[in-house]
Amino acid sequence: MWPESSESPKPLRSGLTTGACATACCVAAARALFGGKQPATVEVNLPAKGNTPGKQVEMVIEEYRALENGIRTSTIKDAGDDPDVTHGSTVFVELRLTESPGVVFKAAPGVGTVTREGLMLAVGEPAINPVPRKMMTEHLTNAAYTYGYEGGFEVSVGVEGGDQIALKTMNPKLGIVGGLSILGTTGIVRPYSCSAYIASIHQGIDVAYTNGMDHIAATTGSTSEAAIKTQYDLPEMALIEMGDFVGAVLKHLKKSPVAKLTICGGFGKISKLAKGHMDLNSRASSIDLDYLAQLAADAGADEALQEQVRQSNTSVQALKACQAACVDLAAEVCREAWLRAHKVMPDRVELEIWAVDRKGNFVGCYKGETK
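Each chain has its residues counted from 1, following the order in which its sequence is written. The predicted origin of the model limits local features to residues at a pLDDT of at least 70 and limits the giving and counting of side-chain atom pairs to 80 or more, whereas totals for whole chains, interfaces and linings rest on all residues. As a convention, hydrogens and water are excluded, and side-chain values are obtained from all of the structure's heavy atoms.

A. Here's a closer look at the overall build of the chain. The secondary structure content of the chain amounts to twelve helices and 18 strands. Its C-alpha atoms give the chain principal-axis dimensions of about 80 × 55 × 40 Å. Working definition: with a 1.4 Å probe on protein chains only, accessible area under 20% of the residue-type maximum means buried, over 50% means exposed, and in between means partly exposed. Scored against the burial criterion, the 371 residues of the chain give a buried share of 50%. In the form shown here, the chain has an accessible surface area of approximately 17700 Å², with 49% of it arising from carbon and sulfur atoms. A helix here means a DSSP run of H or I that spans at least four residues, while a strand means a run of E at least two residues long, and both kinds are numbered starting from the N terminus. All accessible-area figures derive from a Shrake-Rupley calculation using a 1.4 Å probe, and residue coverage is judged against the displayed protein chains alone.

Written as structure tokens, this is what we have:
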């Protein structure tokens, strides 16, 4: 139920990707160079989806700065109500004219460079993904046609402070050094879709698979990652911090089927997976104590213990009650989580589930059948 106020919560705002921001900067720069104007806002056509044309959005340009044979333009990334690490950052483009036709992309400060195989880009390329490249190329090509320009463009994309922001992302593990990736497939950031994070998970799996990792471990956070790292001597490249997005890991294995996947997470998170949730965040799923009581019964709990589990304040309290009664609730939770996950992923991938407590101690494990 909503709080006492009769007003419903405001709908969450969508935002725009770094790719859309860079495209807006390109549009503004082209108008400044060819038309001699510096508009405060520009319009950007977002990518089409299937047979549906992409929508047109208006974006604010913060600054124009003259360069030798070019111009720098910038805008502020607005991720809407999505918890995006790049929200509020300054995305800029340095656009220069070249004699040769075509568009060449470069990394300006704050945008990284690809150093490992397995991403959508070749080693040595700036970390500007294909869809943003396509968006910028199309808008610049249209501008060239409009103004009768027959030369080409050098597009250097940057993010102020991006080298430091990138440390909060998975880019270092992916082998993207020096800054952020310019992302986006639709141009729009959906609230709480965490599309950039999911894209990083997919890229992490692709990099590990391409570089011959036959065993990867997907963890819900730093505590579970540290725990599984002590269990297996896995290289950093094989460690995927999936956060709450277990579904993103499982489904992507159809594309990059490593030989073995270990999922390791806090007991409460794993209990959500056991219930069938593929998003483990509290906004999307909650701890079901009645369900835990059922699993406790399957593990041998009597009626009194089952009721104790149902009346627990947290999953940890329920687990401790079962541990005190020598009922292995954690093993049962891991087994159910394995069954749920196994239905989503390819059969050829070996799977195991580990659960840890808040201190990072293992409390349960299920390895299923060896494929």
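B. Spotlight on the layout of surface pockets. By volume, the second largest pocket is sized at about 400 Å³. Think of a 1 Å grid over the protein atoms and nothing else: a 1.4 Å probe that fits but is trapped marks a cavity, an open set flanked by protein within 12 Å on at least five of seven lines marks a pocket, and residues with an atom within 4 Å of a point count as lining. Along the walls of the second largest pocket sit 21 residues, with F267, V316, V356, D357 and R358 positioned nearest its centre. Of all the secondary structure elements, the ones that give two or more residues to the lining of the second largest pocket are helix 6 (222–231), strand 16 (260–266), helix 8 (267–274) and helix 11 (315–324). Examining the composition of the lining of the second largest pocket, we find that five residues originate from one element, helix 11, more than from any other. Classification convention: Asp, Glu, Lys, Arg as charged; Ala, Val, Leu, Ile, Met, Phe, Trp, Tyr, Cys, Pro as nonpolar; all other residues, Gly among them, as polar. Tallied by class, the residues present in the lining of the second largest pocket amount to six nonpolar, ten polar and five charged. Grid points are joined across faces, edges and corners, and a volume is the space filled by probe spheres set on the points.

C. Expanded view of the state of the cysteines. Counting rule for disulfides: a pair of cysteine sulfur atoms within 2.5 Å. Applying the stated criterion to the full structure yields zero disulfides. Not engaged in a disulfide, the cysteine C26 finds its nearest cysteine sulfur in C25; these two sulfurs lie 7.2 Å apart. With a relative accessible area of 0%, C26 lands in the buried category. Sulfur of C322: no disulfide; nearest cysteine sulfur belongs to C326 and is 11 Å away.

D. The arrangement of the packing of helix 9 (residues 289–298) against helix 12 (residues 329–344) in detail. For every element, the axis is a line fit to its C-alpha atoms; helices are fit only across the contacting stretch, and the angle between N-to-C directions ranges from 0 to 180 degrees. Between helix 9 and helix 12, the least distance of the axes is 9 Å, while the angle of their chain directions is 110°. By the angle class used here, helix 9 and helix 12 are roughly perpendicular. From helix 9, Y291, L292, L295, A296 and D298 reach across to helix 12, where they touch L329, E332, V333 and E336. Among the residues making up the contact of helix 9 with helix 12, the classes are represented as six nonpolar, no polar and three charged. Each angle is binned into one of four classes, with values under 35 degrees roughly parallel, values over 145 roughly antiparallel, values of 65 to 115 roughly perpendicular, and all other values oblique. Here, two residues are considered to be in contact whenever any of their heavy atoms come within 4.5 Å of each other.

E. Up close: the nonpolar core. Formed by 61 residues in total, the largest nonpolar core has its most connected members in L261, I263 and I353. In terms of residue count, helix 12 provides more of this core than any other element does, eight residues in total. Not counting residues within four places of it along the chain, the set of residues in contact with I353 comprises I263, I270, L273, C334, A337, W338, G364, C365 and Y366. Joining through side-chain atoms within 4.5 Å is the link that ties buried Ala, Val, Leu, Ile, Met, Phe, Trp, Tyr and Cys residues into a set, and such a set is a nonpolar core. Judged by nonpolar contacts, the second largest core, of 40 residues, contains V93, M136, A143 and A166.

F. A look at the pairing of strand 6 (residues 90–98). Being paired, for any two strands, means DSSP has found at least two bridges between them. The sheet contact formed by strand 5 (residues 70–76) and strand 6 spans seven bridges and is antiparallel. Its bridge partner being in strand 6, G70 is matched across the sheet by R96. Across eight bridges, strand 6 lies against strand 10 (residues 152–159) in antiparallel orientation. Across the sheet, residue F92 finds its bridge partner in strand 10, namely G158.

G. Fine view of empty space enclosed by the protein. Here the structure, examined in full by the defined rule, presents one cavity of 30 Å³ or more. For the largest cavity, the calculated volume is near 50 Å³. What lines the largest cavity is simply M170, K173, L174, G204, V207, E236, M237, L239 and I240. Contributing elements (two or more residues each) for the lining of the largest cavity: helix 4 (171–174), helix 5 (195–210) and strand 15 (239–241). Among the residues forming the lining of the largest cavity, the class breakdown is six nonpolar, one polar and two charged.

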